[in-house]
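Working through the structure, step by step
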Amino acid sequence: MSAETTAAKYEFKAEVKQLLDILVHSLYTSREIFLRELISNASDALDKVRFESTKGTDILDNGIALEIKVDFDEKKKLITISDTGIGMTKDELITNIGTIAKSGSAEFLKQLKENKTDANNIIGRFGVGFYSVFMVAEEVVIKTKSYKKDAPAVEWRSNGLGDYEIIELNEKLQRGTTIEVHLKEDNKDFAEKYRLETIIKKHLNFISFPIYLEKEKINTIAALWREPKSTIKKEQYDEFYKFLTYDSEPPADVIHVSVDAPIQFNALLFIPKKTYDFFGMNREDYGLDLYVRRVLIQHKNKDLLPEYLGFVKGVVDSEDLPLNISRETLQENIIFTKISQNITGQVLSYLIKKAKDEPEKYAEFWKEHGRYFKLGYTDFTNADKFQQLLRFNSSFNNDSDSLTSFDEYVSRFKEDQKEIYYAFGTSRDAVAQDPHLEIFKNKGLEVFYLYDPLDEFVLSSIRKYKDYELKSVDSIDLKNLDKFKDLEEKKEKLEDLSKDDSRHFDSLLARIKDILGDRVTDVKESKRLSGSPAVLVNPDDSMSSTMQKIMRMTNKDMSVPKKIFEVNRDHKLIRNLLKVFKANSKDEYITNVTEELFESALLLDGSLTDPHKLVSRLNQMLEQSSEWYTEIKKL
Ligand code: ADP
Ligand code: MG
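Since this is a predicted model, take the numbers as computed values, not measurements.

Right, let's get into unusual backbone geometry. A cis amide bond links Ala-261 to the next residue, Pro-262, at an omega of 0°. Relative to the elements of secondary structure, Pro-262 occurs in the loop between strand S10 (253-259) and strand S11 (265-271). Unusually for a residue other than glycine, Arg-463 sits at a positive phi of about 65°. The exposure class of Arg-463 is exposed, given its relative accessible area of 59%. Even without glycine at this site, Lys-466 takes up a positive phi of about 50°. Taking relative accessible area as the criterion, Lys-466 reaches 55% and is therefore assigned exposed.

A word on the pairing of strand S7 (residues 176-183). Within S7, six of the eight residues are buried, which leaves it mostly tucked inside the rest of the structure. Sheet topology note: the strand S3 (residues 78-83)/S7 ladder contains six bridges and is antiparallel. Within the sheet, the bridge partner assigned to Leu-78 lies in S7 and is His-182. Pairing analysis gives eight bridges linking strand S4 (residues 137-145) to S7, with the strands arranged antiparallel. Bridge pairing links Ile-142 to Ile-179 in S7.

Opposite charge on two side chains lets them pair, provided their charged atoms get close. A full pass over the atoms with the stated rule returns 46 salt bridges. Note that Glu-185 and Lys-77 form a salt bridge whose closest N and O atoms lie 3.1 Å from each other. Taken together, the residues Glu-185 in the loop between S7 and helix H6 (193-204) and Lys-77 in the loop between strand S2 (68-73) and S3 connect sequence positions 108 residues apart. One salt bridge connects Glu-525 with Lys-527, and the closest N-O pair in it is separated by 3.6 Å. Here Lys-527 falls in the exposed class, since its relative accessible area comes to 61%. Taken together, the salt bridges that share partners define one network made up of Lys-193, Glu-197, Lys-201 and Glu-216.

Assigned domains within the chain: domain 1 (8-217), domain 2 (224-360), domain 3 (390-481) and domain 4 (499-633). Once you take the C-alpha centre of each, domain 1 and domain 4 turn out to be 82 Å apart.

Basis of the calculations
Residues numbered from 1 in each chain as written. Chains lettered and ligands numbered in written order. Predicted model: local features only at pLDDT ≥ 70, side-chain atom pairs only at ≥ 80, totals over all residues. Heavy atoms only, no water. Helix = DSSP H or I, 4+ residues; strand = E, 2+ residues; numbered from the N terminus. Buried < 20%, exposed > 50% of the residue type's maximum accessible area, 1.4 Å probe, protein only. Pairing = 2+ DSSP bridges. Salt bridge = Lys/Arg side-chain N within 4 Å of Asp/Glu carboxyl O. Domains from an automatic or database assignment.

Following this line, the structure appears as structure tokens:
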């Protein structure tokens with residue numbers, strides 16, 4: 001073979017020309033991705049040669065260090081990227097670089113044609129691979145030597161405008177590929193140390209081969225998620241977590257997932273000890289970092305986990321996704337969807353196990369992240385797991401901090417119980433005072449106490465746990481409670497009313513209804529009360545009061561909802577009222593007491609809009625009673 005070899009000219013294939021034409025003229029602002037593409041190609045080439053080596057193939061320069069070097073020359077406006085990877089033969093150069101075989105670039109062109117979108121907007125979404133270098137370069141030179149010993153080294157050069165040249169080199173090159181990027185004048189600032197270092201750290205920190213920038217190793221953090229779990233120490237997880245999140249404390253939980261079949265991916269997920277402020281400023285600050293073979297594809301991807309698991313931090317690394325997949329097509333990608341389903345399931349299973357094995361730790365988790373987690377009531381696919389993980393305070397608990405799960409509640413069911421009951425209030429004391437609960441207390445029925453309006457939203461949305469309906473205590477059909485016996489006979493029970501008095505009582509109810517008019521739908525004798533004289537209830541099986549309130553708030557409806565006013569005829573106050581009524585059915589005292597009871601009931605219900613009347617009436621009645629009191633006491 002002679003020492004001189006002549007350069008042969010080749011034309012790019014039509015679709016490559018089209019693509020190059022767009023890239024060469026693009027004013028795209030994130031042109032730095034060219035470096036990501038070139039270094040990830042180098043990393044792929046190193047992976048390939050390592051694979052050949054493990055297969056026992058006869059390889060040129062077997063044993064040289066597998067590494068990537070990035071050098072630059074500011075004056076020459078030059079960046080050089082070299083690797084000791086698999087290299088390319090002349091034929092491979094022509095097929096790999098001269099034609100578009102890869103889905104990313106083809107897809108890019110397709111979208112461009114279909115949508116007539118501005119190329120600048122979509123370049124970032126597609127890696128467009130090797131060709132992206134022409135966004136910044138006026139000339140590119142590739143020198144490459146294949147691992148195949150008898151293949152000559154070749155040089156490829158092009159200005160990206162239509163054709164390229166290939167020369168066979170006579171000089172002996174070491175195995176691998178060197179790419180010279182001669183920068184355009186207005187992109188010369190890429191040939192600068194800090195700039196290059198920043199880009200490499202951002203996109204390529206976890207490449208498994210060392211990347212040297214002018215002899216200095218840049219990627220210092222190992223891609224921990226790819227290491228076998230048994231070899232990783234807790235400190236390494238902690239350190240990685242802090243690097244990832246800037247959290248000063250170690251994580252509460254580490255979930256390390258390695259899946260081989262049917263799809264291959266690794267995920268390293270963390271649950272922080274403390275919640276971030278999801279409902280405030282940082283609402284958008286969630287998501288997992290998505291890598292494809294150690295190259296960062298998307299920071300804080302929001303579709304790998306459903307939003308309610310947004311407190312989970314971490315990375316996912318897929319073997320099977322293409323490097324230059326676009327964000328738009330990700331969601332429709334079946335591999336991506338499978339990964340997402342898999343890790344969602346793994347996180348939920350992890351939590352279920354934690355709740356079972358370490359209930360105290362789970363309670364801590366719940367306190368920090370429960371508020372956010374509850375939003376998962378919309379995840380129908382994982383409804384089973386989600387519901388198992390819900391926690392509420394309950395009448396069974398001794399204090400407001402203790403938590404009860406559905407399963408625990410169900411395990412304490414009374415015989416024949418088929419419903420789960422809940423009550424809403426601003427605090428444990430407030431719920432415990434709620435007259436609606438009296439009948440549940442008398443019958444020893446457990447009731448979930450909800451203090452967060454969201455809880456009611458969650459329960460009324462899921463409606464059922466297993467086969468058991470969830471019922472708000474203020475909209476329950478009392479007949480369903482008849483089968484449960486009272487725990488003990490009511491204390492200080494008043495004598496039953498005589499037939500005659502029963503009739504008078506019915507007339508009293510009619511009088512009360514007269515007074516309240518269309519502010520109530522009906523006035524009835526109550527079967528649910530023991531300690532309170534009266535209560536407002538929703539018609540059977542209607543929406544609970546809190547839900548009505550939420551609905552009214554969202555509709556900006558300020559009117560007071562109409563309810564049934566129930567009166568407890570076995571209450572001392574009502575018995576006295578009956579006496580007054582029998583003497584004079586039009587006595588003003590009846591009106592005052594009725595108004596007072598009604599407005600107090602509204603107050604407890606959270607529906608009293610103006611307390612002025614209630615207070616002045618109360619003061620007036622207190623004044624009267626003080627006179628009677630001083631008379632009786634002969635003061
Ligand atoms: P992709 O990486 O998605 O295949 P690229 O446009 O980035 O698409 O690269 C095209 C092809 O060129 C690669 O598949 C590979 O075969 C070849 N190639 C690019 N860079 C190198 C390199 N540094 N060493 C060996 N082969 C390379
Ligand atoms: Mg590539």
